[in-house]
Amino acid sequence: MIYVPTQQGITALAAEPVQTDFLQRLETFFQCLTPCLDHRPAYREAGLPERLAAPERTVYFSVSFPGDDGRVRTAPCCFIQYTTVLGPVRCALALQPVKDISGMKWKALSLSLENSLAGLAMGGAAAGASIDPASLSKRESLAFCQRFITALAPFLPACAVLEGSIPLREQGYLRGQINRLPYTLPRPGRIFPPQWEQDQARGYGLCYFAQSTLRKSSGPRLEGQTAAIGGNTGPAAWAGEKALQLGAMVTAIGGKNGCLYASAGLPLALLRDMARNPTRPLPSYASEATGIVFRPGGSVWDAGADICLPCDPVCPLDAADAQAAIAHGAAVFEGAECACTPEAVRLLREAGALYVPSVAAACGAALVQSDSQEPGKRLRNGVRAVLARIWEESPGTPRRDLTAASYIAAFEPIAQAMLEQGV
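Here goes a summary of the coordinates provided. Fair warning: this is a prediction, and the values are worked out from it, not measured in the lab.

Here helix 6 (residues 168-180) is 13 residues long and its end C-alpha atoms lie 19 Å apart, about the 18 Å a rise of 1.5 Å per residue gives. Of the positions making up helix 6, those classed as buried are Glu-170, Gln-171, Tyr-173, Leu-174, Gln-177 and Ile-178. For helix 6, the buried positions fall inside an angular range of 170 degrees around the axis, keeping them on one side. Summarising the geometry of helix 6, the exposed residues directed more than 90 degrees from the buried face are Leu-168, Asn-179 and Arg-180. Looking at the packing, one finds that the buried side of helix 6 touches strand 5 (89-95), helix 5 (138-152), strand 7 (159-163) and strand 8 (190-191).

Structure follows, in structure tokens:
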């Protein structure tokens, strides 16, 4: 059971066993909003917590397509659209097997908050199909993509941006079918912006945010600290490259199948190659330089780094990892939605550790869409602006609780828009 604060007190909202992860994250979110709701009673009176707790639209559908063996295959699909009070949505599209929609729901809400915090006049949405594109032949993939985007088409006009980690083959098929449909995306409509651009913005922005936050806090600077990066993904590799350029020493990087470890730090050339070749197997890097070890099944958090940058929900920082980070006095900056488990977030906050959620730390992809400046300058200026809002514009929030400050700073523009637009 999850509870949401209202003007009557504590009210039971929902209990869906298959969405436990989402509900736990939502509970933390509303707990963080308590100072803001106490400071502004009008938000409770207008029922904003209840309105934000549920998506504006959740659509379940299925896509059937012929297989090469003559049998019909079916993939369950979903579209989740959160608040659109700020504008059309930025939709994250994913094609991967899923057990439940907790991750998709939190992704949609996180994008709404991330866009708000970055000053981007967009809401958030998530769409996807529970299917592995690698298991499809060329003919099967084409048939699936055409049917999937046709079924999704009625919701596309609400999307200002359609993005996601979609294989290039499927991107082409999806884009081709969108072009055949009578639906058009509103300006500045973008269909699958380059994935490396999104990954670089997230990775670089994460490190800029860590650097700026550490400078503002009373703790150590990023320069000279050891960093561990969780995830064998594009954002993780770009974060490793930028962390090294900013003066940190990256001692470990990897995902669920193992990690690369180097007590003296991974070389810049290796991290650059990882960023530009995200599909290259990690074990192949072990022979790149002396002192680099690949640990099959090992955890990057065992390295005992000063800075933890979890960037992959597939291998999140869990409760045991959080306890180790707390014991080491490490700072944790979440580089992707669901990259820290709800229990890990709870432990970090209770211990007073420096933890920043992804809505703030990973807002780089939203920042690069907000104006026409040169991308690097845009990220640095955007991160400073976001951090200033978190640090100064969160009424009633203790300064060191950057989790609550991040959520409140992101919630405020959405709440104001909700009040102005009415029910």
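This next bit is on the sheet that holds strand 4 (residues 72-81). Ordered by their spatial adjacency, 6 strands build an open sheet running 3-4-6-5-7-8, and the pairing between neighbours is mixed. Whereas interior strands pair on both sides, the edge strands pair on one side only; in this sheet they are strand 3 (57-66) and strand 8. Helix-sheet contacts for helix 4 (residues 102-117) involve strand 4, strand 5 and strand 6 (123-129), and the interaxial angle to strand 6 is about 150 degrees. Against the sheet, helix 5 touches strand 3, strand 4, strand 5 and strand 6, its axis set at about 150 degrees to strand 3.

What follows deals with the pattern of salt bridges. Here the structure, examined in full by the defined rule, presents 16 salt bridges. Between Asp-38 and Arg-44 there is a salt bridge, with the nearest N and O atoms lying 2.9 Å from each other. You can call Arg-44 buried: its relative accessible area is 15%. The partner of Glu-412 in a salt bridge is Arg-40, and the shortest N-O contact between them spans 3.0 Å. Of this pair, Glu-412 sits in helix 15 (residues 402-421) while Arg-40 sits in the loop between helix 1 (20-39) and helix 2 (41-45), and the two are 372 residues apart along the sequence. On the basis of relative accessibility, which here comes to 11%, the residue Glu-412 falls in the buried class. Judged by its relative accessible area of 32%, Arg-40 falls in the partly exposed class. One network of salt bridges, with partners in common, ties together Arg-90, Lys-107, Glu-114, Glu-163, Arg-202 and Glu-337.

Rules used in this analysis
- Residues numbered from 1 in each chain as written.
- Predicted model: local features only at pLDDT ≥ 70, side-chain atom pairs only at ≥ 80, totals over all residues.
- Heavy atoms only, no water.
- Helix = DSSP H or I, 4+ residues; strand = E, 2+ residues; numbered from the N terminus.
- Expected span 1.5 Å × (residues − 1).
- Buried < 20%, exposed > 50% of the residue type's maximum accessible area, 1.4 Å probe, protein only.
- Arc of directions from axis to C-beta.
- Contact = heavy atoms within 4.5 Å.
- Pairing = 2+ DSSP bridges.
- Axes fitted to C-alpha atoms, helices over the stretch in contact; angles between N-to-C directions.
- Salt bridge = Lys/Arg side-chain N within 4 Å of Asp/Glu carboxyl O.

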